[in-house]
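Below, each chain spelled out in residue letters.
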Amino acid sequence: GAKSQGRRTYRFFVPEMDASAKARLSLEQDLRQALVTGGFEIHYQPLVNLQTGAVSGCEALLRWRHPERGMVSPAEFIPIAEDTGLINELGEWVLRTACNEAATWPAHVRLAVNVSPVQLKCDTLALRIAGALAASGLEPRRLELEITEAVLIRDDEAALSILHQLRSIGVRIALDDFGTGYSSLSYLKRFPFDKIKIDRCFVADIADASGAPVIVQAVVNIAAASNMTTVAEGVETEAQREMLRALGCTEMQGYLFSKPRPAAEVHSMFGPGDALPVAAVA
Ligand code: C2E
Ligand code: MG
Ligand code: MG
Ligand code: MG
């Protein structure tokens, strides 16, 4: 099918290459270039504790400022980076940059970093993550790695073993986009997650008359029974937030509180009194 065709063949010029294949090849070349010239930046979106209202963490979200196209969505370029293996280098840059940034935040604020299933195939991942933590001075328990169900669906034993290595260095593991794809509750038994991120499709209608808070309620109950916390993604309204709080969800993330913002803009969201003293630089 189109998908398997897309994996390798586009690297070579063929006259009948269609427009979308050409666009993809050109994006791939631009991605390689951007890794060298520094075309990427990271925005951070706060996670808020629903009981206290305090910012408990920030998720690192990669941004690519393309010289001609402007901002390119990660939904567009992450799959290309995964297909070409560039995700390993890119992922390491995100990790190191975000750990360095988070090391300047108050000690109770966690950093969440997305890790691609492709990165979980690399048996040096735990070593690299330990390296990024050591270089930045960020405590391992402040780092939360977000992985999607794709890893579990493939029943990938090697990936599971890498997840266990990561857990043993003290970082936390969150299951991202829970409920999308070929979700099954049985995936929750294959690995002991610290947190479930409830996908925004379950949050969108939660406060409507026709909505189904019963799904979020079920996930919250399962998480509580298994020592996991929950975060609701894509919270955009007060009504959604109030419903989530009433359902016992631990945290929220979404435009209601803040869109992802450049590093310099998140410090003010941590609240007065929480900030670590800034070292005087001569
Ligand atoms: P994700 O990890 O599920 O991240 C949440 C996405 O939802 C982000 O999109 C965020 O901007 C968006 N979002 C947050 N709050 C709201 C809201 O209230 N309403 C709506 N409509 N959207 C909201 P973004 O930044 O475009 O990232 C898309 C996806 O790209 C991420 O989904 C993640 O899977 C991937 N991604 C981003 N950065 C990285 C990275 O550094 N590494 C890897 N492997 N994947 C990344
Ligand atoms: Mg995520
Ligand atoms: Mg997500
Ligand atoms: Mg998502």
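Everything below is about the structure printed above this text.
Below or above, wherever it landed, is the structure these notes cover. Computed from a predicted structure; not experimentally measured. (Residues numbered from 1 in each chain as written. Chains lettered and ligands numbered in written order. Predicted model: local features only at pLDDT ≥ 70, side-chain atom pairs only at ≥ 80, totals over all residues. Heavy atoms only, no water.)

### Concerning the site of ligand 1
- Residues in close proximity to ligand 1 total 21 residues, the closest being Arg63, Asn114, Asp176, Glu236 and Tyr255.
- Within the side chain of Asp176, one N or O atom sits 2.9 Å away from an oxygen atom of ligand 1.
- Tyr255 places a main-chain nitrogen or oxygen 2.8 Å from an oxygen atom of ligand 1.
- Across the complex, the protein chains shield 83% of the 800 Å² of accessible surface that ligand 1 would expose by itself.
- Looking at the shell around ligand 1, the elements that each hand over two or more residues are β2 (55-66), α3 (74-84) and β6 (172-178).
- The element contributing the most residues to the shell around ligand 1 is β2, with four residues.
- Among the residues making up the shell around ligand 1, the classes are represented as eight nonpolar, five polar and eight charged. (Near = heavy atom within 4 Å. Polar contact = N/O pair within 3.5 Å; in protein donor to acceptor, adjacent residues only side chain to side chain. Areas by Shrake-Rupley, 256 points an atom, 1.4 Å probe, with all protein chains shown as cover. Helix = DSSP H or I, 4+ residues; strand = E, 2+ residues; numbered from the N terminus. Nonpolar A, V, L, I, M, F, W, Y, C, P; charged D, E, K, R; others polar.)

### So, the coordination of the magnesium ion (ligand 3)
- Coordination of the magnesium ion (ligand 3) by the protein involves Asp176 (OD), Asp177 (OD), Glu233 (OE) and Glu233 (OE), with metal-donor separations of 2.0 to 2.8 Å.
- Mapped onto the polypeptide sequence, the residues donating to the magnesium ion (ligand 3) form the spacing pattern D-D-x55-E.
- Between the magnesium ion (ligand 3) and the magnesium ion (ligand 2), the interatomic distance is 3.8 Å, and Asp176 donates to each metal, bridging them. Linking Asp176 in strand β6 with Glu233 in the loop between β8 (229-232) and α11 (238-247), this pair joins segments that are 57 residues apart in sequence. The two residues Asp176 and Glu233 agree in class, both being buried. (Donors = N, O, S within 2.8 Å, 3.2 Å for Na, K, Ca; no water. Buried < 20%, exposed > 50% of the residue type's maximum accessible area, 1.4 Å probe, protein only.)

### Here we look at the coordination of the magnesium ion (ligand 2)
- Coordination of the magnesium ion (ligand 2) by the protein comes from Glu59 (OE), Asn114 (OD1), Glu146 (OE) and Asp176 (OD), over a distance range of 2.0 to 2.2 Å.
- Every donor residue of the magnesium ion (ligand 2) comes from the same chain, spaced as E-x54-N-x31-E-x29-D.

### Considering unusual backbone geometry
- Despite not being glycine, Asp177 shows a phi value in the positive range, around 55°.
- Along the chain, Asp177 falls in strand β6.
- A residue is classified by how much of its surface remains accessible, and Asp177, at 25% relative accessible area, is partly exposed.
- The phi dihedral of Asn227 falls on the positive side, at around 65°, and the residue is not glycine.

### Observations regarding the pattern of salt bridges
- One pass over the full model with this rule turns up 15 salt bridges.
- Of the charged contacts in the structure, one is a salt bridge between Lys197 and Glu59, with a shortest N-O distance of 3.0 Å. Of this pair, Lys197 sits in strand β7 (residues 195-198) while Glu59 is found in strand β2, placing the two residues 138 residues apart along the sequence. The burial state of Lys197 is the same as that of Glu59; both residues are buried.
- Here Arg172 makes a salt bridge to Glu144, at a shortest N to O gap of 2.9 Å. A residue pair is termed long-range when its members are at least 10 positions apart, and Arg172 in strand β6 and Glu144 in strand β5 (residues 143-148) qualify at 28 residues.
- With a relative accessible area of 17%, Arg172 lands in the buried category.
- Given a relative accessible area of 2%, Glu144 falls into the buried group. (Salt bridge = Lys/Arg side-chain N within 4 Å of Asp/Glu carboxyl O.)

### A short note on helix α10 (residues 213-225)
- For α10, which comprises 13 residues, the first-to-last C-alpha distance of 18 Å matches the rise-based estimate of 18 Å (1.5 Å per residue) to within 8%.
- What α10 keeps buried is the set Val216, Val219, Val220 and Ala223. The buried side chains of α10 occupy one side of the element, clustering within an arc of 100° when seen end-on. In α10, those exposed residues whose orientation departs by more than 90 degrees from the buried face are Val214 and Ala225.
- As for α10, its buried residues are in contact with β6, β7, α9 (200-203), β8 and α11.
- In the stretch just after α10, Asn227 is the one whose phi turns positive, near 65°. (Expected span 1.5 Å × (residues − 1). Arc of directions from axis to C-beta. Contact = heavy atoms within 4.5 Å.)

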